[in-house]
Amino acid sequence: MESVILKNINEILKNAPESILERVLGYIEGISEDEKYNFKLSEEQKESLKKIKARPYDQHTEIDTFLNEMDSKYGI
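Residues numbered from 1 in each chain as written. Predicted model: local features only at pLDDT ≥ 70, side-chain atom pairs only at ≥ 80, totals over all residues. Heavy atoms only, no water.

## What about the packing of helix α3 (residues 43-54) against helix α4 (residues 63-74)?
Packing of α3 against α4 brings their axes to within 13 Å, and their N-to-C directions diverge by 160°. Relative to α4, the element α3 lies roughly antiparallel. The handedness of the crossing between α3 and α4 is right-handed. Contact with α3, carried on its side by Glu44, Gln45, Ser48 and Ile52, involves Phe66, Met70, Lys73 and Tyr74 of α4 and no other residues of that element. Grouping the constituent residues of the contact of α3 with α4 by class yields four nonpolar, two polar and two charged. (Axes fitted to C-alpha atoms, helices over the stretch in contact; angles between N-to-C directions. Helix = DSSP H or I, 4+ residues; strand = E, 2+ residues; numbered from the N terminus. Parallel < 35°, antiparallel > 145°, perpendicular 65-115°, else oblique. Left-handed = near helix turned anticlockwise from the far one by under 90°. Contact = heavy atoms within 4.5 Å. Nonpolar A, V, L, I, M, F, W, Y, C, P; charged D, E, K, R; others polar.)

And the structure:
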């Protein structure tokens with residue numbers, strides 16, 4: 001495919017070092033992988049997130065605590 005966007009990307013990256021190209025490739029692969037999944041939250045998960053969102057800022061938990069809670073509840 002030869003689109004204007006692809007030409008612009010090629011122009012920007014044509015003199016980029018290998019390390020930058022590897023990072024760009026990883027990013028492209030990552031966003032391409034994301035397109036394959038269509039996650040749906042259960043009603044329980046939606047309700048849990050609503051409750052978290054409604055908490056006052058001083059009641060929020062550290063990210064590690066939150067992730068551990070989500071893992072124990074939902075296996076994520």
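Now, onward.
## A word on α4
Between its first and last C-alpha atoms α4 spans 16 Å; for twelve residues at 1.5 Å apiece the expected length is 16 Å, and the two agree. The positive-phi residue at the C-terminal boundary of α4 is Gly75, with phi of around 70°. (Expected span 1.5 Å × (residues − 1).)

## Things to note about the confidence of the model for the chain
The predicted structure's coordinates, where accompanied by low pLDDT, should not be read in detail. Confidence along the chain averages 84 in pLDDT terms, with 95% of residues attaining 70 or more. In the model of the chain, α4 stands out as the element of lowest mean pLDDT, 82, in contrast to helix α1 (residues 4-13), which has the highest, 91. (pLDDT = per-residue confidence, 0-100.)

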